[in-house]
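Chain and residue survey
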Amino acid sequence: MAGLELLSDQGYRVDGRRAGELRKIQARMGVFAQADGSAYIEQGNTKALAVVYGPHEIRGSRARALPDRALVNCQYSSATFSTGERKRRPHGDRKSCEMGLQLRQTFEAAILTQLHPRSQIDIYVQADGGTYAACVNAATLAVLDAGIPMRDFVCACSAGFVDGTALADLSHVEEAAGGPQLALALLPASGQIALLEMDARLHEDHLERVLEAAAQAARDVHTLLDRVVRQHVREASILLGD
Amino acid sequence: MASVTLSEAEKVYIVHGVQEDLRVDGRGCEDYRCVEVETDVVSNTSGSARVKLGHTDILVGVKAEMGTPKLEKPNEGYLEFFVDCATPEFEGRGGDDLGTEIANTLYRIFNNKSSVDLKTLCISPREHCWVLYVDVLLLECGGNLFDAISIAVKAALFNTRIPRVRVLEDEEGSKDIELSDDPYDCIRLSVENVPCIVTLCKIGYRHVVDATLQEEACSLASLLVSVTSKGVVTCMRKVGKGSLDPESIFEMMETGKRVGKVLHASLQSVVHKEESLGPKRQKVGFLG
């Protein structure tokens, strides 16, 4: 993209943010009444919906039941009208399967699966032209809404590297420009990383900085999600008359 | 459809209640649940709508793309429907059957000339036309899918804004398509004659409109009637394992026409009111 500066001389990005600033995040828990837990999150223009069912008895083959842990099942689907060009297959294609596997890996690290042996937890995420980060944040809220015990919040954020500066929370324009991109899922309280994925080439000297930017952004996301959960609990307890 | 397990006693309770015109949630046999409709919820589509009918949640997005007209109808554009069931009752491939069934029903309803004026979608005959891809996303299934989907499709088509294009022909005869400079200069579709589906489920000796999952589990046969705002029936289909009496079919059709007219009137007033609030309207979407 000739002439499009991802980072101007004054340090502003294409949408006017600073290098470490996040996009506007709005979230809501308990969107669907029939599901055990559900949540909706908007990060800038990216919208993600997550629905959680479980823990319930294993559906399908009993042979897959694990004797000491719960089975976490994740499915990712993207709406056909979400991207600029209409996508034909909403799920079952390679990208969706890969995303589902990544989500599963992330949440198996966070959910206390030992408490629910022989059961299944389903997480269904839909993203509107979305990225991994929005899905993970929505899924965290949905799992909390369902009351499934987790070790900690799972907060995710993406980061990139342009002109010697690490950028946090990439928008679609910045992702499409093709620089290195890092996706990070963090458990904030302990600082442990649940998933780390990077595309494109990046010199290892810069890795530390990009990782730190992503981790800081994830911690900021955690503050926001924490506020959303407390607000939701407060509303629920007011309704119950406590 | 998504199924829910009911005991015999619950089924008897529902059936007896319906005979007395009293349903489990207090409605009469011809009452709809509270419907929430909101248009223009998805930003990068030409038109979109979200409908919440009780526990049923549907999101419809319409994308207008350029294509070549079909051979037998060179002066018209066309609509393509795709239904995606994202709920876990239809985990993996299971939702495809239901999705195809709903998409085929939508194709049949829109098959006649009077539903949507397809000539407005033509850009240059035999060469270019607008193709409207209507994508239905089933978020939550709480009974009465067809009605909710048809309401959402009508609202989304009302909200669709197709950019105005001009065809320029130069000396060699090659055509160039020019998009109008003003992003707000667009053509709108007239949805006066777009029909809505009314599903009537036969429970016992009576029929109910807008059945919940539990009521659908008690009924053996249903009739899908597609009704326009003037009360004209465009399409009719019987679904379910059981059989229907011819007199019941006529009764159900009459009820469908009556209920359909009221439904259209309320939907028109709601979308027009929303439209009149203009671009300053606060979009609620899923955050409300």
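Above this text is the structure in question.
If you're wondering where the values come from, they're calculated on a predicted model, not measured in any experiment.

A word on the side chain of A:Thr140. Residue position: A:Thr140 is located in helix H2 (residues 132-146). Setting aside residues no more than four positions away along its own chain, A:Thr140 makes contact with A:Phe107, A:Met150, A:Phe153 and A:Val154.

Before going further, it helps to spend a moment on the packing of helix H3 (residues 145-159) of chain B against helix H5 (residues 246-276) of chain B. Residues and elements named next belong to chain B. It is at 11 Å that the axes of H3 and H5 come closest, and there the two elements cross at 35°. Along this stretch, H3 crosses H5, giving a crossing that reads as right-handed. Each of Ile151, Lys154, Ala155 and Phe158 in H3 lies in contact with H5, whose residues at this interface are Leu263, His264, Leu267, Gln268, Val271, His272 and Glu275. Residues belonging to the contact of H3 with H5 are distributed by class as follows: 6 nonpolar, 3 polar and 2 charged.

Residues and elements named next belong to chain A. All chains considered together, the criterion is met by 20 salt bridges over all chains. For Arg17, the salt bridge is made with Asp15, and the minimal N-O distance between the two is 3.1 Å. Accessibility expressed as a relative area gives 6% for Arg17, which makes it buried. For Asp15, a relative accessible area of 42% translates into the label partly exposed. One salt-bridge network, in which partners are shared between bridges, spans Arg13, Asp15, Arg17, Arg23, Asp169 and Glu174.

Along an α-helix, residues three or four positions apart point the same way, because every turn accommodates 3.6 residues. All names here are of chain A. Compared with the 54 Å implied by 1.5 Å per residue over 37 residues, the 53 Å span of helix H4 (residues 204-240) between its first and last C-alpha is a close match. Looking only at H4, the buried set comprises Val210, Ala213, Ala214, Ala215, Ala217, Ala218, Val221, Leu225, Val228 and Val229. Each element contacted by the buried residues of H4 is listed here: strand S1 (25-29), strand S2 (37-43), H2, strand S6 (155-162), strand S7 (165-168) and strand S8 (181-187). Downstream of H4 by a residue or two, Gly241 has a phi angle that is positive, lying close to 85°.

Helix length check: H5(B), at 31 residues, gives a terminal C-alpha distance of 45 Å against a target of 45 Å (1.5 Å per residue), a fit within 8%. The first or second residue beyond H5(B) is B:Gly278, which carries a positive phi of 75°.

We now examine the environment of B:Val51. All names here are of chain B. Within the element layout of this structure, Val51 appears in strand S2 (residues 47-53). You can call Val51 buried: its relative accessible area is 1%. It is 9.7 Å that separates the C-alpha atoms of Val51 and Ser150, two residues lying 99 residues apart in sequence. Residues contacting Val51, with those up to four places away along its chain left out, are Val35, Glu36, Val37, Thr56, Asp57, Ile58, Ala148, Ile151 and Ala152.

Reading guide: rules and limits
- Residues numbered from 1 in each chain as written.
- Chains lettered and ligands numbered in written order.
- Predicted model: local features only at pLDDT ≥ 70, side-chain atom pairs only at ≥ 80, totals over all residues.
- Heavy atoms only, no water.
- Helix = DSSP H or I, 4+ residues; strand = E, 2+ residues; numbered from the N terminus.
- Contact = heavy atoms within 4.5 Å.
- Axes fitted to C-alpha atoms, helices over the stretch in contact; angles between N-to-C directions.
- Left-handed = near helix turned anticlockwise from the far one by under 90°.
- Nonpolar A, V, L, I, M, F, W, Y, C, P; charged D, E, K, R; others polar.
- Salt bridge = Lys/Arg side-chain N within 4 Å of Asp/Glu carboxyl O.
- Buried < 20%, exposed > 50% of the residue type's maximum accessible area, 1.4 Å probe, protein only.
- Expected span 1.5 Å × (residues − 1).

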